[in-house]
Amino acid sequence: MIKHVGVVGAGTMGAGIALAAARSGLDVILYDVNDTVLRQALERIKTDLKQGVAKGKVPADEVSSIVTRIHPRTNLSDFHACELVVEAIIEDLRVKKDLFKHLETHTKTSTVLATNTSSLSVTAITSVLRKPERGIGLHFFNPAHIMKLVEIVRTRATSESTVAFARSFLHDIGKQPVLVRDTPGFIVNRVARPFYGEALRLLGEQVATHEQIDRILKQGAGFAMGPFELMDLIGIDVNFAVTQSMYDQFFGEPRYRPHPIQKQMVDAGRLGKKTGAGFYTYNDNTK
């Protein structure tokens, strides 16, 4: 059974993955090059746990032990004891490939190396490994410590033992894995692009306001969140980057074309909840 997990990147996704693993009793090395980001991640984790206690989902007497199982580090060599390392850094293919080269030199040959990319080619990311059979995609969804679904993305080189290991790990931390082929956007993001894209076109054509579109889809179609609420939660910059990546990887397929409104929002710094303003304005993290 897996005991030690490494997470690279202490941003929103990395912190959420670390929390999910630590809640399940695993020791977690949470790595980032920035000490400030690591401190902020630990504070975010503590806040998430307090909210879990308030909702009755986390026993109050377990909070301290969960936090102590997360070890902030700034040296990749600290991953030497990890059976699995999950990368959750910027969506930049060059940067991810460079990281995987370094991870291979700082981990055991048996360590599974996973990327949390939401739209980039897992094959391309793991192609730099001398043993690409140990590479795989584990696409968590935000917030990673709450959302159950995780896409396991296998490449042509991924071994059966690596897939089995990934599936076992996800079951151990209470997730619901689905095995997918390495194709742009995998399943969820491929289905989601038209959801966001058509909503943005309706807004751009002034057919309805973003509030109206969100309300209709929730009240009339049963969606838990409207597309604009969801973009604000994910981060409009992240949503825009994923859309642009898929548009490029599908060689300009019109279904995945980004909308100018997204670009304008990113340029204005209105990225959603994390900046306090997106399609909605937020105070104390509530709309």
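The model shown is predicted, which means the values in this text are computed figures rather than measured ones.

Calculation criteria
Residue positions are given per chain, counting from 1 as you read along its sequence in written order. It should be noted that, the model being predicted, local features are given only for residues of pLDDT at least 70 and side-chain atom pairs only at 80 or more, the latter also being counted only at that level, while totals for whole chains, interfaces and linings use all residues. Processing note: side-chain calculations cover all non-hydrogen atoms of the structure and skip hydrogens and water entirely. Under the scheme used here, helices are H or I runs from DSSP no shorter than 4 residues and strands are E runs no shorter than 2 residues, and both carry numbers assigned from the N terminus. Values of the radius of gyration come from C-alpha atoms, whereas the globule rule sets the reference at 2.2 Å times the count of residues to the power 0.38. Note on classification: 1.4 Å probe, protein chains only; a residue is buried when its accessible area is under 20% of the maximum for its type, exposed when over 50%, partly exposed between these limits. Residue exposure ignores everything except the shown protein chains as possible cover, and the areas themselves are Shrake-Rupley values with a 1.4 Å probe. The positive count covers Lys and Arg only, the negative count covers Asp and Glu only, and His and the chain ends enter neither. Note on charges: their place is set at NZ of Lys, CZ of Arg, CG of Asp or CD of Glu. Two aromatic rings, drawn from Phe, Tyr or Trp (for Trp, its six-membered ring), form a pair once their centres lie within 6.5 Å of each other, and the interplanar angle then sorts them: stacked below 30 degrees, edge-to-face above 60, tilted otherwise. Expected span of a helix: the number of residues minus one, times 1.5 Å. It only takes one pair of heavy atoms within 4.5 Å for two residues to be counted as in contact. Throughout, the edges of the domains are those of an automatic or database domain assignment. Two parts placed together each lose some accessible area; with a 1.4 Å probe, that loss summed over both constitutes the buried area. Take a side-chain nitrogen of Lys or Arg and a carboxyl oxygen of Asp or Glu: if they are within 4 Å of each other, that pair is a salt bridge. Polar contacts here mean pairs of N or O atoms no more than 3.5 Å apart (in protein, one a potential hydrogen donor and the other a potential acceptor; neighbouring residues in sequence count only if both atoms are side-chain atoms). Angles here are taken between N-to-C directions and fall from 0 to 180 degrees, while the axes themselves are lines fitted to C-alpha atoms, restricted in helices to the stretch in contact. Orientation labels follow simple angle bins: below 35 degrees gives roughly parallel, above 145 gives roughly antiparallel, 65 to 115 gives roughly perpendicular, and whatever is left gives oblique. Each crossing is labelled by how the near helix is turned from the far one, with a counterclockwise turn of less than a right angle marking it left-handed and a clockwise turn marking it right-handed. Only Asp, Glu, Lys and Arg are considered charged, only Ala, Val, Leu, Ile, Met, Phe, Trp, Tyr, Cys and Pro nonpolar, and every remaining residue, Gly among them, polar.

(A) Focus on the overall build of the protein. A count of helices and strands for the protein gives 11 helices and 8 strands. For the protein, whose C-alpha radius of gyration is 19 Å, the value lies close to the compact-globule estimate of 19 Å for 287 residues. For the protein, the spread of C-alpha atoms along the principal axes amounts to about 55 × 45 × 30 Å. Counting the 287 residues in the protein, one finds 48% classified as buried. Accessible surface, the protein as shown: approximately 13,800 Å² in total, 53% of it carbon and sulfur. A distance of 2 Å separates the average location of the 36 positive side-chain charges in the protein from that of its 30 negative side-chain charges.

(B) Focus on the packing of aromatic side chains. Inspection of every chain in the model, using the stated rule, returns 5 aromatic pairs. With a centroid separation of 5.0 Å and 35° between ring planes, the pair formed by phenylalanine 250 and tyrosine 256 is classed as tilted. Take phenylalanine 250: its relative accessible area is 22%, and that puts it in the partly exposed class. Taken together, Phe195, Tyr196 and Phe223 form an aromatic cluster joined through their ring pairs.

(C) Examining helix α7 (residues 188-204) more closely. Taking 1.5 Å as the rise per residue, α7 with 17 residues should run 24 Å; its terminal C-alpha atoms sit 24 Å apart, in good agreement. In this fold, the buried residues of α7 make contact with β6 (135-140), α8 (210-219), α9 (227-234), α10 (236-249) and α11 (260-267).

(D) Examining the domain arrangement of the protein more closely. If you check the domain split of the protein, you get domain 1 (4-181) and domain 2 (192-277). Between domain 1 and domain 2, the C-alpha centre-to-centre distance is 27 Å. Across the boundary between the two partners, domain 1 contributes 5 residues, which contact 6 residues of domain 2. Around 410 Å² of area is buried between domain 1 and domain 2 when both sides are counted, 50% of it from carbon and sulfur atoms. Contact with domain 2 buries surface across domain 1, with Ser118, Ser119 and Asn142 losing the most and accounting together for 74% of the total. At the surface where domain 1 touches domain 2, the tally comes to 0 salt bridges. Inspection of the domain 1/domain 2 interface yields 2 residue pairs in polar contact (both at pLDDT 80 or more).

(E) Spotlight on the packing of α10 against α11. For the pair α10 and α11, the least separation of the axes is 9 Å and the interaxial angle reads 135°. Between α10 and α11, the crossing angle belongs to the class labelled oblique. The element α10 and its partner α11 pack so that their crossing is left-handed. Every residue of α11 that contacts α10 at Ile236, Asp237, Asn239, Phe240 and Thr243 is listed here: Gln262, Lys263, Met265 and Val266. Of the residues belonging to the contact of α10 with α11, the class tally is 4 nonpolar, 3 polar and 2 charged.

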